Every structure is written in C-alpha cells, then in structure tokens.
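# Per-entry structural report
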Amino acid sequence: MIIIGEKINGTIPSVKRAIQERDEQFIRDLAVRQTEAGADYLDVCASTAPEVEGETLVWLMNIVQDAVDTPLCIDSPNPRVIEQVFNQAKRSGLINSVSAEGDKCEVIFPLIKGTDWGVIALTCDNHGIPSDIQTRVDITKLLVEKAQKYDITPDRLHIDPLVLALSTDSQSLLTFLETMKTVKNLYPSIKVTSGLSNISFGMPLRKIVNQHFLTIALFNGMDSAIIDPCSRDMYTTLLTTEALMGRDRLCRQFSNAYRKNKIGPIRTEN
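Position numbers for residues start from 1 in each chain and track the written sequence from start to end. Under the rules for a predicted model, residues below a pLDDT of 70 receive no local features and side-chain atom pairs below 80 are neither given nor counted, while totals for whole chains, interfaces and linings still include all residues. By convention in this description, side-chain values take in all heavy atoms of the structure and omit both hydrogens and water.

### Comments concerning the UniProt feature "domain: Pterin-binding" (unreviewed entry) in the protein
The following threshold applies: UniProt positions are given in the numbering used here, feature names are shortened, and annotations may be inferred rather than shown by experiment. Helix and strand definitions follow DSSP, with helices as H or I runs of at least four residues and strands as E runs of at least two, each counted in order from the N terminus.
Mapped onto this numbering, the UniProt entry gives "domain: Pterin-binding" (unreviewed entry) at residues 1–245. Across residues 1–245, helical content stands at 46% and strand content at 17%; the span's end C-alpha atoms are separated by 12 Å.

### Examining the packing of helix H6 (residues 133–148) against helix H7 (residues 172–186)
This is how the line gets drawn: As a rule, the C-alpha atoms of each element are fitted with a line to give its axis, helices using only the stretch in contact, and angles between N-to-C directions run from 0 to 180 degrees. Left-handed describes a crossing whose near helix is turned anticlockwise from the far helix by less than a right angle; the clockwise case is right-handed. The contact definition used throughout considers only heavy atoms, calling two residues in contact when any of these lie within 4.5 Å. Amino acids outside the nonpolar list (Ala, Val, Leu, Ile, Met, Phe, Trp, Tyr, Cys, Pro) and the charged list (Asp, Glu, Lys, Arg) are all regarded as polar, and Gly is one of them.
Between H6 and H7, whose axes approach to 10 Å, the crossing angle comes to 35°. By crossing handedness, the relation of H6 to H7 is classed as right-handed. Each of Ile133, Arg136, Val137, Thr140 and Lys141 in H6 lies in contact with H7, whose residues at this interface are Thr175, Glu178, Thr179, Thr182, Val183 and Leu186. Its residues placed into classes, the contact of H6 with H7 shows 4 nonpolar, 4 polar and 3 charged.

### Considerations on the sheet that holds strand S6 (residues 157–160)
Here is the rule: Being paired, for any two strands, means DSSP has found at least two bridges between them.
The 8 strands are arranged S7-S6-S5-S4-S3-S2-S1-S8 in an open sheet whose pairing can be described as parallel. For this open sheet the edge positions go to strand S7 (191–192) and strand S8 (224–227), each flanked by a neighbour on one side alone. Bridge count for strand S1 (residues 2–9) against strand S2 (residues 41–45) is 4 bridges, and the pairing is parallel. Considered in S2, the bridge of asparagine 9 is made with cysteine 45.

### Considerations on the domain arrangement of the protein
Interface size is commonly expressed as the accessible area that is lost once the parts come together. Rule in force here: Boundary definitions for the domains trace back to an automatic or database domain assignment. In this description, buried area is defined as the sum, over both parts, of the accessible area (probe of 1.4 Å) that is lost when the two are combined. One speaks of a salt bridge when a side-chain nitrogen belonging to Lys or Arg is within 4 Å of a carboxyl oxygen belonging to Asp or Glu. Polar contact is the term for a pair of N or O atoms within 3.5 Å; when the atoms are in protein, one must be able to donate a hydrogen and the other to accept it, and sequence-neighboring residues count only if both atoms are side-chain atoms.
Domain annotation of the protein identifies domain 1 (2–231) and domain 2 (232–265). If you look at the interface, domain 1 gives 16 residues, while domain 2 gives 11 residues. Between domain 1 and domain 2, a total of about 1100 Å² is buried, with carbon and sulfur atoms accounting for 66% of that surface. Taken as a group, Gln211, Leu218 and Ser231 account for 44% of the area that domain 1 buries against domain 2, more than any other trio of residues on that side. Our count for the contact surface shared by domain 1 and domain 2 stands at 1 salt bridge. For aspartate 233, the salt bridge is made with lysine 207, and the minimal N-O distance between the two is 3.5 Å. Taken together, the links from domain 1 to domain 2 amount to 6 residue pairs in polar contact (both at pLDDT 80 or more). A per-element tally of the side of domain 1 that touches domain 2 places helix H8 (residues 206–219) first, with 7 residues.

### A closer look at the packing of aromatic side chains
Cut-off, in case you're wondering: Between rings of Phe, Tyr and Trp, where Trp is taken as its six-membered ring, a pair exists when centres lie within 6.5 Å; planes separated by under 30 degrees are stacked, by over 60 edge-to-face, and by other angles tilted.
With the rule as written, the count across this model stands at 3 aromatic pairs. Pairing phenylalanine 86 with tryptophan 117 gives two aromatic rings, centres 4.8 Å apart and planes at 50°, and the pair type is tilted. Separated by 31 residues along the polypeptide, phenylalanine 86 in the loop between helix H4 (79–85) and strand S4 (94–100) and tryptophan 117 in the loop between helix H5 (104–112) and strand S5 (118–125) bring together distant segments of the chain. With 6.3 Å between their ring centres and 45° between their planes, phenylalanine 109 and tyrosine 150 make a pair best called tilted.

### Side note on the state of the cysteines
Short version of the rule: To count as a disulfide, a pair of cysteine sulfur atoms needs to be within 2.5 Å. Here's how the labels work: a residue is buried when its accessible area is under 20% of the maximum for its type, exposed when over 50%, partly exposed in between, all with a 1.4 Å probe on protein chains only.
Using the criterion set out here, one finds 0 disulfides in the structure. Counting only cysteine sulfurs, cysteine 124 is the nearest neighbor of cysteine 105, a cysteine outside any disulfide, at a range of 10 Å. Given a relative accessible area of 7%, cysteine 124 falls into the buried group.

### Here we look at the layout of surface pockets
Our working rule: The pocket and cavity definitions rest on a 1 Å grid over protein atoms only: a 1.4 Å probe that fits but cannot leave marks a cavity, an open set with protein on both sides within 12 Å along at least five of seven lines marks a pocket, and residues lining either have an atom within 4 Å of a point. Grid points are joined across faces, edges and corners, and a volume is the space filled by probe spheres set on the points.
Empty space within the largest pocket amounts to approximately 920 Å³. In terms of lining residues, the largest pocket is bounded by 34 residues, among which Asn9, Gly195, Ser197, Asn198 and Ile226 are the most central. Sorting the residues of the lining of the largest pocket by element identifies S1, S2, S4, H8 and S8 as the ones contributing at least two each. Here the element with the most residues in the lining of the largest pocket is H8; it accounts for 3 residues.

### Comments concerning helix H9 (residues 232–244)
Note the cut-off: The length a helix should cover is 1.5 Å for every residue beyond the first.
Taking 1.5 Å as the rise per residue, H9 with 13 residues should run 18 Å; its terminal C-alpha atoms sit 18 Å apart, in good agreement. Every buried residue of H9 is listed here: Met234, Tyr235, Thr236, Thr237, Leu238, Leu239, Thr241, Glu242 and Ala243.

### Section: the side chain of glutamate 53
We apply this condition: By the counting rule applied here, Lys and Arg register as positive and Asp and Glu as negative, while His and the ends of each chain are not counted.
Tracing the backbone shows glutamate 53 in helix H3 (residues 50–67). One buried charged residue, glutamate 53, forms no salt bridge at all, with the nearest opposite charge on lysine 104 at 10 Å. With residues near it in sequence (within four places) discarded, glutamate 53 still touches Ala46, Thr48, Ser76, Pro77, Asn78 and Val81.

### Quick word on the pattern of salt bridges
Counting across every chain of the model gives 11 salt bridges. The partner of lysine 7 in a salt bridge is aspartate 228, with the nearest N and O atoms 3.6 Å apart. Of this pair, lysine 7 sits in strand S1 while aspartate 228 sits in the loop between S8 and H9, and the two are 221 residues apart along the sequence. Among the ionic pairs, arginine 247 bridges to glutamate 242, the shortest N-O distance being 3.6 Å. In the salt-bridge network here, residues are joined through shared partners; they are Arg80, Glu83 and Asp103.

As structure tokens, this is what we get:
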C-alpha cells in the first residue's frame, strides 16, 4: 500500500507550535522519521491564516526537501495556494487535493498536465459531502472526465470517497467500500485513498478502530492512505494484512520488520 505520512500538519498542536516558532529541526526530524518508517509521500500542510499559508507552506517544503528525498504531498484546501507553491517542489509528488467544488479542477489539473504528478480527488462538490453512494460515484466520473481534458489518466487519481465518522454514521465503512468497489469497476487503474483516521472521530479506542478500518479497506482494494507511518501498531497492522493477502512472498517483509524491531512489542537489549 502507498503510505502518505500525515505528521507534518499544522492542525497537530506540536507542529503548529513548531511553525509559530520556526523550529526547523522539529520539522526535519518529522520528515526523517516518517521516511525511515516507510512513507512513500510526506503530506505537508500549513493550516495557518490564509494570508501567510503560502509562505509557510514553502518554508515547510524547503525543510522537508532538504532533509529527505521522499516526494511531497502538497496539502491545502485553497487551490490558489497550491498553485502559488507548486514550483517549489523539486520532484513529482501528490497534490492534496482537488474536488468538484468551485474551480478547483480548473486550477489544479492544468498545473499537473504533462507531468508525473498524482492528485487526491475528493468526492464532494458545492453541496458538500454526499450521503449516498451514487452521488459519490457521479462526482468521481465528473472528476475523471475533467482530468482527461488535461491528459491526466485515471491511474494518476487517488479517489477519496470521504469516509465519515463511524460515531455519526454507522454505515460509514460500508458506504466507503461500496463506493470503492463501484469506482474500481468503472476505472480499473484508478487508485482509492482515505484520510484513515476520520473513521474514528468521536470514538473511544480510536487507534483500534483505525487499525481495523485499515485491514478491511486494504483487503477490499484501498491503494493508499494518509496515516502515521511511525505508529508501530498501524505499521504492524499494515504488514500483517499484506502478508495475509499474499502480497508478502514468504512473509519476508513482515519477518524483516520484526527482526529490525519495527513491529510488535518494543524489544530492548539486555
């Protein structure tokens, strides 16, 4: 599975403080730790006031790119901010995100035309997040059609069916799975992703809920997720599920991770 590291995000109190204090070493350490834990992309989100979001995002991008070679996932709800900072990226990565809201497609898709960039595409529009499966599928079709106008093929899209909190919608996981199944039947090469921890908002034992969501979604075809790669429990769940699915030949990846003390209970040398 494609791992998008979630930890460099200004909504996290410690990261917010590091941004305010311009603590470069803190951000650098987060980039290195997530890369060493196996992240394929590093999400970089400023979550600051709109008037300073662009410059803050560039500051974060520069630190991360100086520390590691892991591609960025440039994250902002404002497509104009992404447009502003896009050229600061040293290598192709992901855009987070596009949707059918406003003119987001018309801003983001021209940016990545003729490149190797991928993009996370949310199944929402000007009416918000749909409650039903068919509307999410219809939005996916619209996003794919708009992308194709800029020669962006479905395999470069990471469709996010926007899993809702289980505490407010008991059908949330089932809706996610059925949307994913329908979308993949329509576009076999498309990728499906999720902001995985959304499922557990308002729940006790959030980590456990997240781990079980990951197992079920991965088994049913989810290709990527925005997660904490430094979480031993989450990484253990990921490697265990992939081994059980026959993706880990002779369980070598699982066994190597265990020998290197990356999964399971932390072992200390006597």
